[in-house]
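Examining the three-dimensional arrangement
Now for the letters of each chain:
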Amino acid sequence: MTAKGGAIPVLMRPGEIIDLKAAVFRTGKNEKTIRRWCKADGIGRRTSAGATWEISALALEAKRYGDEDALDDLRRGRFASERVRRYAEMLGLAADGRG
């Protein structure tokens, strides 16, 4: 699924949103890589050009593991899918997205 300029953003619930600094820490990747993933794969969003990145912790993990099916489920809001629940459990997030 793609939109102009990149993938359709994944849907995020408040309890699973992390910032750019946390994403860098979790992955060991640099900020440029995480920003590229946010734009190309839709794992993050900004409300305006200068705004802070809001990144889905679930989508970040799915991206790290190359799990395109889980990313597609997140884009469709299928939080109860087996693939998405696997990452939620790994991250200690409740089924309703409230850590």
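Described in the following lines is the structure provided in the data block. (Residues numbered from 1 in each chain as written. Predicted model: local features only at pLDDT ≥ 70, side-chain atom pairs only at ≥ 80, totals over all residues. Heavy atoms only, no water.)

**Things to note about the overall build of the protein chain**
Quick reminder of the rule: Helix and strand definitions here come from DSSP, where helices need a minimum of 4 consecutive H or I residues and strands a minimum of 2 consecutive E residues; each element is numbered from the N-terminal end. When accessible area is computed with a 1.4 Å probe and restricted to protein chains, residues below 20% of their type maximum are described as buried, those above 50% as exposed, and intermediate ones as partly exposed. The contact definition used throughout considers only heavy atoms, calling two residues in contact when any of these lie within 4.5 Å. Shrake-Rupley sampling with a 1.4 Å probe provides the accessible areas, and residues are treated as covered by the protein chains on show and by no other component.
Summing up its helical and strand segments, the protein chain has five helices and five strands in all. Put simply, the protein chain runs from its N terminus to its C terminus through helices and strands in the order β-β-β-α-α-β-β-α-α-α. Out of the 99 residues in the protein chain, the part that is buried amounts to 41%. Put simply, of all contacts in the protein chain between residues at least 6 apart along the chain, 59% involve residues at least 24 apart. For the protein chain, the accessible area works out to roughly 5800 Å², and carbon and sulfur atoms hold 49% of it.

**What to know about the sheet that holds strand β4 (residues 44-45)**
Counted only if it meets this: A pair of strands is treated as paired once DSSP finds two or more bridges between them. Lines are fitted to the C-alpha atoms to define the axes, a helix being fitted only along its stretch in contact, and any angle between axes, read from their N-to-C directions, falls within 0 to 180 degrees.
The three strands are arranged β3-β5-β4 in an open sheet whose pairing can be described as antiparallel. For this open sheet the edge positions go to β3 (17-18) and β4, each flanked by a neighbour on one side alone. Examined bridge by bridge, β4 and strand β5 (residues 54-56) share two bridges and lie antiparallel to one another. Pairing of Arg 45 across the sheet is with Glu 54, part of β5. Helix-sheet contacts for helix α3 (residues 57-64) involve β3 and β5, and the interaxial angle to β5 is about 60 degrees.

**Some thoughts on helix α4 (residues 68-75)**
The periodicity of an α-helix, 3.6 residues per turn, causes residues three or four places apart in sequence to face the same way. All buried positions along α4 are accounted for by Ala 70, Leu 71, Asp 73, Leu 74 and Arg 75. Where α4 terminates, the next one or two residues include Gly 77, which has phi positive at roughly 75 degrees.

**Details of the nonpolar core**
Convention followed: Grouping buried Ala, Val, Leu, Ile, Met, Phe, Trp, Tyr and Cys residues that are joined through side-chain atoms within 4.5 Å yields what is termed a nonpolar core.
By size, the foremost hydrophobic cluster in this structure holds 24 residues, and its most contacted members are Ile 34, Ile 43, Ile 55, Leu 58, Leu 60 and Leu 74. Elements represented by at least two residues in this core include exactly α1 (20-27), α2 (31-41), α3, α4 and α5 (82-91). In terms of residue count, the dominant contributor to this core is α3 (five residues). For Ile 43, the residues in contact, after removing those within four places along its chain, are Val 10, Met 12, Trp 37, Cys 38, Glu 54, Ile 55, Ser 56, Ala 59, Leu 60, Lys 63 and Leu 71.

**Some words on the pattern of salt bridges**
It is possible for side chains of opposite charge to pair when their charged atoms get near one another. The condition that has to hold: Whenever a carboxyl oxygen of Asp or Glu lies within 4 Å of a side-chain nitrogen of Lys or Arg, that contact is scored as a salt bridge.
Here the structure, examined in full by the defined rule, presents nine salt bridges. Of the charged contacts in the structure, one is a salt bridge between Lys 63 and Asp 41, with a shortest N-O distance of 3.0 Å. Of this pair, Lys 63 sits in helix α3 while Asp 41 sits in helix α2, placing them 22 residues apart in sequence. For Arg 75, the salt bridge identified is with Asp 72, shortest N-O distance 2.8 Å.

**Focus: the side chain of Asp 41**
The class of Asp 41 is buried, set by a relative accessible area of 13%. Look past the residues within four positions of Asp 41 in its chain and what remains in contact with it is Ala 7, Ile 8, Arg 36, Lys 63 and Arg 75.

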